[in-house]
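Listed below, chain by chain, are the residues.
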Amino acid sequence: MMQPTNRFKKSIPVLLVGLPKFFLHSAAFTSAPCHLPLKFPHINKDAHVSKELAPRRPTLLRSELAQNPVEPNSDSASGSRGSKEVSYAAILKVIDDFHQKDITTACPYLPKEPEVSSHSWVNNSSPKPYQSPITPILSPETANGLRSVAQSYFEQTRDETRGAFGQEVADLGRILSTSSSSASEELKKGLYEALIQQIYPLVRASWSNHDALLPSKNSHDHYDEEYSQQFPSLVVTSATVAAAGGYPGAKGAMTTLERDAGLFTVHIDLGNENEANPHDAMGGIYLESLVSSDTITEAVVGPLSLGQAVIHRSNERTAAFIVPANLRDVADSNQSLDSTTRRNIIQAAETSRHYGLRLVLTTTGVASSKRNETAKENDGDGLSGVSTQPEAPAEERAYRLRNFARFREDRIRYLTLAGLLDVDDHENHLWLGFDYIARVDNPEYRVDVNQRLSDVNKAIFHLEKAAELGPRDARVHFQLATALGAKMDCEKSLMKENSAKSETEAIQLSRVAAALERSAILESTAVKLGINGINDLATCLHALAETRCKMGEFDKALDVIDRWAECGSIRSDLAIENVGKIDNGTGGRLPMIEWLKTSDTNHKIAVKTIGDVPVFTEDDISMLRDAADRRFSHANGVPTSRYTMQYEGNSEVHLDDLCAADPSLKMRIDKILQNKVYPLVRKAFANDDEDSPEGPLCVYDSIFVRYNGDQARALGRDGASQPLHQDGGIYSINIAL
């Protein structure tokens, strides 16, 4: 049964086993109603700290509190959330020791840079953010060999996935250990040549004035005479292989948008498994610092050929992803989220599974004899802060210190030290700003309004500094808007207490709106390229629409709501309508339809299919029900739907979630949508009083419902159903199973 979604209804198929519902949207976004959430989710201040190898997913609302910790094991630097005070020196000692452990044991099978006595120093205050030589860094034999052993490793270690492999990331050393000795040694030889002959020299030449590449300084801030010609050597501390794509519904991103540890990151493309047309899909790197208002592809380095590399500083936020070979050839003037470029990226990701190698580099550091002598004298207590190891680079010290701070109640203290260690890293200021906001938002933080306002002003100071140092980080601008809003709340409270005057509300709201607008623009680029999902963007646009309403700018608020609603057009990964191409296996026949009308006014309410051409065949129904039953059984009672309006006893799951885990099911559902559902909607509502959508139809959301009639009867309801509700999108389709 199909009906426009602007009519209330109650589903009453008491005897039905299941009911998939499609809420259709239009990619033209001309007539779609929308529903704004009531408020933002609360920030999780005690987020779980993940130690998984796979990268993290960034978020605007919840700062990346889950980063790999320093993992100190000694009592002197315990990472617990206890109250024990830990000195700065002790923490830095642990960080330096772990840095030394990494450079000696993390990747012992890869060579470190030969000893360097001098290098050409170039005074370049604004170096290019990346280097990507046209000539491949790895030979075809080495690149193909690495991809082959990684493919075998993933096939041996992955669980049952029904073909939906998702993102896979594994340590290169572990991958090589599963291959034959001769093959492993040959691949190591190829990596050795690439590092010694190309990667290390290129890094040193491109960032010659980086402090970590220069001779170390002693406490008197001049070069140690005895060691003035000893330059720190580059070394690999992490080597991982990532893979993604190669099945219907596959995502294009091979890694999540994040920054790495270390000092420099090297991405090397390893090609794909598509032997027939290996160049249909290629690798690319998204660099957040390259985001431009001109075209979305300005932020992409690529397409990359087999063995080609992209090298950048590790403080750049990047993501490796799959791109079409003709990425630069498509003139895409469409500024909507559902652009031609995005569709081409999705198609490229589905064609074959693509692989990439990521190396993280740091430097060994150089210890002076004076430092070692001092260390020996103070080695008794182990807490003096003087290490027998060279100091880790300041940039890496700050990165690890931020991770350590995540375990501490007094995290602001350690984040402040991180900011002093590396004054140019905008993330130090981002996390400081966020934590000042989190402190104010904490209900257990019982202080007066003046102290809260002081904390908010500190947050604004750090977030404005973060925006200056990292102007293209969408998270910074969103958090800045949050801080500015918190300042308004504090000042309103003060005005009630003592009639103090503050900036006019209009000026304050305009600053909030400007920060949110900037965040939305930056975040939308990552969404258009398939790097991020819509959740962060939708949250940001919701806040912007609310702010525009507070400003009385209702026309602008409606424009923002249109952008918010546009997110719904790409919410689902199910097929978008391909107008004019129908192949339903029934000779082009569609199910017959009849209108359901009101008895008094003869007003058309909904369309019901009749006749011998079903929308779902018996095989379709069995496939869908089996997939849903598997999901429900694995859930063990945990809710499998994002909807909050559910009757007890019903089981619900989003069809997107089922299809994401089963490419065969997705292919079948896509075919039903293209050949039956979309044409039926067009046929039924072609002469509707309202304007038909100009753009192609697409699924806004979809839900599979398994009803429990016995429990509904026991609870006193007339029958098993969903609660009375109104769907989002434009049209709603209910199919009996």
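Computed from a predicted structure; not experimentally measured.

Analysis parameters
- Residues numbered from 1 in each chain as written.
- Predicted model: local features only at pLDDT ≥ 70, side-chain atom pairs only at ≥ 80, totals over all residues.
- Heavy atoms only, no water.
- Helix = DSSP H or I, 4+ residues; strand = E, 2+ residues; numbered from the N terminus.
- Buried < 20%, exposed > 50% of the residue type's maximum accessible area, 1.4 Å probe, protein only.
- Areas by Shrake-Rupley, 256 points an atom, 1.4 Å probe, with all protein chains shown as cover.
- Phe/Tyr/Trp six-rings, centres within 6.5 Å; stacked < 30°, edge-to-face > 60°.
- Lys NZ or Arg CZ within 6 Å of the ring centre and 35° of its normal.
- Axes fitted to C-alpha atoms, helices over the stretch in contact; angles between N-to-C directions.
- Parallel < 35°, antiparallel > 145°, perpendicular 65-115°, else oblique.
- Left-handed = near helix turned anticlockwise from the far one by under 90°.
- Contact = heavy atoms within 4.5 Å.
- Nonpolar A, V, L, I, M, F, W, Y, C, P; charged D, E, K, R; others polar.
- Pairing = 2+ DSSP bridges.
- 1 Å grid on protein atoms, 1.4 Å probe; cavity = no way out; pocket = protein on both sides within 12 Å on 5 of 7 lines; lining within 4 Å.
- Points joined across faces, edges and corners; volume = space filled by probe spheres on them.
- Expected span 1.5 Å × (residues − 1).
- Core = buried A, V, L, I, M, F, W, Y, C linked by side-chain atoms within 4.5 Å.
- Disulfide = S-S within 2.5 Å.
- Bend = angle between axes of the 7 residues up to and from the residue.
- pLDDT = per-residue confidence, 0-100.
- Salt bridge = Lys/Arg side-chain N within 4 Å of Asp/Glu carboxyl O.

K.L.:
So what's going on with the overall build of the protein? Which residues, and what values?
P.N.:
The secondary structure content of the protein amounts to 18 helices and 16 strands. By the burial criterion, 53% of the 737 residues in the protein qualify as buried. As displayed, the protein has an accessible area near 33,800 Å², and 49% of this comes from carbon and sulfur atoms.

K.L.:
I'd love a proper account of the packing of aromatic side chains, names of residues and values included.
P.N.:
Per the stated rule, a full pass over the model turns up nine aromatic pairs. Ring geometry for Trp 207 versus Phe 264: centroids 5.3 Å apart, planes at 45°, classification tilted. In this pair, Trp 207 sits in the loop between helix H4 (181-206) and strand S5 (234-245) while Phe 264 sits in strand S6 (residues 264-272), placing the two residues 57 residues apart along the sequence. In this structure, Trp 207 and Phe 264 share a single accessibility class: buried. Taken together, a centroid distance of 5.5 Å and an interplanar angle of 80° make the contact between Phe 404 and Tyr 414 edge-to-face. Residue Phe 404 is found in helix H7 (residues 394-405), and its partner Tyr 414 is found in helix H8 (residues 411-421); the two are separated by ten residues along the sequence. Pair check on accessibility: Phe 404 and Tyr 414 agree, each one buried. What links up through ring pairs into an aromatic cluster is the set Tyr 88, Phe 404 and Tyr 414. Here the basic side chain of Arg 158 rests over the ring of Phe 165, its NZ or CZ set 3.8 Å away from the ring centre.

K.L.:
Which residues make up the packing of helix H1 (residues 88-105) against H7, and what values go with them?
P.N.:
Relative orientation of the contacting elements H1 and H7 amounts to 115°, with a least axis distance of 10 Å. Relative to H7, H1 is oriented roughly perpendicular. Regarding H1 and H7, the two cross each other, and that crossing is right-handed. Two secondary-structure elements touch here, H1 through Ile 91, Leu 92, Ile 95, Asp 96, Phe 98, His 99 and Asp 102 and H7 through Glu 396, Arg 397, Arg 400, Leu 401 and Phe 404. Its residues placed into classes, the contact of H1 with H7 shows six nonpolar, one polar and five charged.

K.L.:
Quick rundown of the sheet that holds strand S8 (residues 300-304)? Include the residues and the values.
P.N.:
Judged by pairing direction, the sheet is antiparallel, and its three strands sit side by side in the order S8-S7-S10 without closing on themselves. Only two strands of the sheet have a single neighbouring strand rather than two, namely S8 and strand S10 (318-324). With direction set aside, neighbouring strand axes in the sheet form an average angle of 25°. The sheet contact formed by strand S7 (residues 281-287) and S10 spans seven bridges and is antiparallel. For Ile 285, the partnering residue across the bridge sits in S10 and is Ala 320. Sheet strands in contact with helix H5 (residues 340-351) are S7 and S10, and its direction is about 85° off that of S10.

K.L.:
Go over the sheet that holds S5 with me, naming the residues and quoting the values.
P.N.:
On the basis of which strands lie adjacent, the open sheet formed by six strands has the order S3-S9-S6-S11-S5-S4 and antiparallel pairing. Whereas interior strands pair on both sides, the edge strands pair on one side only; in this sheet they are strand S3 (130-131) and strand S4 (168-171). Direction of pairing for S6 relative to strand S11 (residues 353-363): antiparallel, over a ladder of seven bridges. When the sheet's bridge partners are listed, Val 266 is paired in S11 with Leu 359. Along the sheet, H1 contacts S5 and S11; its crossing angle with S11, the most-contacted strand, is approximately 125°.

K.L.:
Before we move on, could you go through empty space enclosed by the protein and cite the residues and values that matter?
P.N.:
Scanning the entire structure with this criterion turns up three cavities of 30 Å³ or more. The volume enclosed by the largest cavity comes to roughly 150 Å³. For the largest cavity, the lining is made up of 18 residues, of which Met 254, His 267, Ala 320, Gly 356 and Leu 357 are closest to its centre. Counting only elements with at least two residues in the lining of the largest cavity, the list comes to S5, S6, S7, S10 and S11. By residue class, the composition of the lining of the largest cavity is ten nonpolar, six polar and two charged.

K.L.:
Residue-level account of helix H10 (residues 449-469), with values.
P.N.:
Compared with the 30 Å implied by 1.5 Å per residue over 21 residues, the 30 Å span of H10 between its first and last C-alpha is a close match. All of the buried residues along H10 are Val 449, Arg 452, Leu 453, Asp 455, Val 456, Ala 459, Ile 460, His 462, Leu 463, Ala 466 and Ala 467.

K.L.:
Give me the lowdown on the nonpolar core, citing residues and values where you can.
P.N.:
Core analysis: the biggest nonpolar cluster contains 58 residues, and Leu 401, Leu 516, Leu 537, Leu 541 and Cys 567 have the highest contact counts within it. Considering every element that reaches this core, the biggest residue donor is helix H11 (residues 474-498), with ten residues. Among residues more than four places away in sequence, those in contact with Cys 567 are Leu 337, Ile 534, Leu 537, Ala 538 and Leu 541. Within the second largest apolar cluster, 42 residues are counted, among which are Ala 150, Ala 194, Leu 213 and Ala 239.

K.L.:
Please provide a residue-by-residue account of the state of the cysteines, values included.
P.N.:
All chains considered together, the criterion is met by zero disulfides. In this structure Cys 540 is not part of a disulfide, and its nearest cysteine sulfur, from Cys 567, lies 9.8 Å away. Residue classification places Cys 540 among the buried residues on the basis of a relative accessible area of 0%.

K.L.:
Quick one: what's the story with the packing of H8 against helix H9 (residues 426-441), residue by residue and with numbers?
P.N.:
Viewed as axis vectors pointing N to C, H8 and H9 meet at an angle of 160°, and their least axial separation amounts to 9 Å. Taken as axis vectors, H8 and H9 run roughly antiparallel relative to one another. Every pair of crossing elements has a handedness; the one defined by H8 and H9 is left-handed. Residues Arg 411, Ile 412, Leu 415, Thr 416, Ala 418 and Gly 419 of H8 form the contact with H9, whose participating residues are Asn 428, Trp 431, Leu 432, Asp 435, Tyr 436 and Arg 439. Of the residues contributing to the contact of H8 with H9, the split by class is six nonpolar, three polar and three charged.

K.L.:
Account for helix H17 (residues 663-684), naming residues and giving values.
P.N.:
The terminal C-alpha atoms of H17 lie 30 Å apart, and with 22 residues this matches the ideal 32 Å at 1.5 Å per residue to within 8%. By the largest-angle criterion, Leu 673 marks the main kink of H17, which is about 45°. Most of H17 sits out of view: 16 of its 22 residues are buried.

K.L.:
Which residues make up the confidence of the model for the protein, and what values do they have?
P.N.:
Residues of the protein with pLDDT of at least 70 account for 78%, and the chain-wide mean is 80. Here residues 218-228 is modelled with pLDDT under 50, and outside its nearest four sequence neighbours on either side it reaches 17 contacts, counting other chains as well. In this model, residues 368-387 is a region of pLDDT below 50 whose contacts with residues beyond four sequence positions or in other chains number 28 contacts.

K.L.:
A description of the pairing of strand S13 (residues 604-610) should follow, citing residues and the corresponding values.
P.N.:
Looking at chain direction, strand S12 (residues 592-597) and S13 are connected through six bridges and run antiparallel. Its bridge partner being in S13, Trp 595 is matched across the sheet by Val 607. Once S12 ends, the chain turns through six residues before running back antiparallel as S13, passing Asn 602 with a positive phi of about 60°.

K.L.:
Now, about the environment of Gly 245: what can you tell me, with residues and values included?
P.N.:
The topology assignment puts Gly 245 in strand S5. The contacts of Gly 245, once residues within four sequence positions are left out, are Ala 250, Lys 251, Ile 322, Ala 349, Ser 352 and Arg 353.

K.L.:
Summarise the pattern of salt bridges; cite the residues concerned and give the values.
P.N.:
The final tally for this structure, using the stated rule, is 35 salt bridges. Between Glu 395 and Arg 313 there is a salt bridge; the shortest N-O distance is 2.5 Å. Here Glu 395 is found in helix H7, whereas its partner Arg 313 is found in strand S9 (residues 309-313), with 82 residues between them in sequence. According to the relative accessible area criterion, Glu 395 is buried, its value standing at 5%. Accessibility expressed as a relative area gives 25% for Arg 313, which makes it partly exposed. Between Arg 713 and Asp 710 there is a salt bridge, with its nearest N and O atoms 3.5 Å apart. Here Arg 713 pairs with Asp 710, and both are found in helix H18 (residues 709-714), just three residues apart, close to one helical turn. In this pair, the class of Arg 713 matches that of Asp 710, namely exposed. Several salt bridges share partner residues, and in doing so they unite Arg 259, Glu 288, Arg 317, Arg 402, Asp 425, Glu 427, Asp 473 and Arg 475 into one network.

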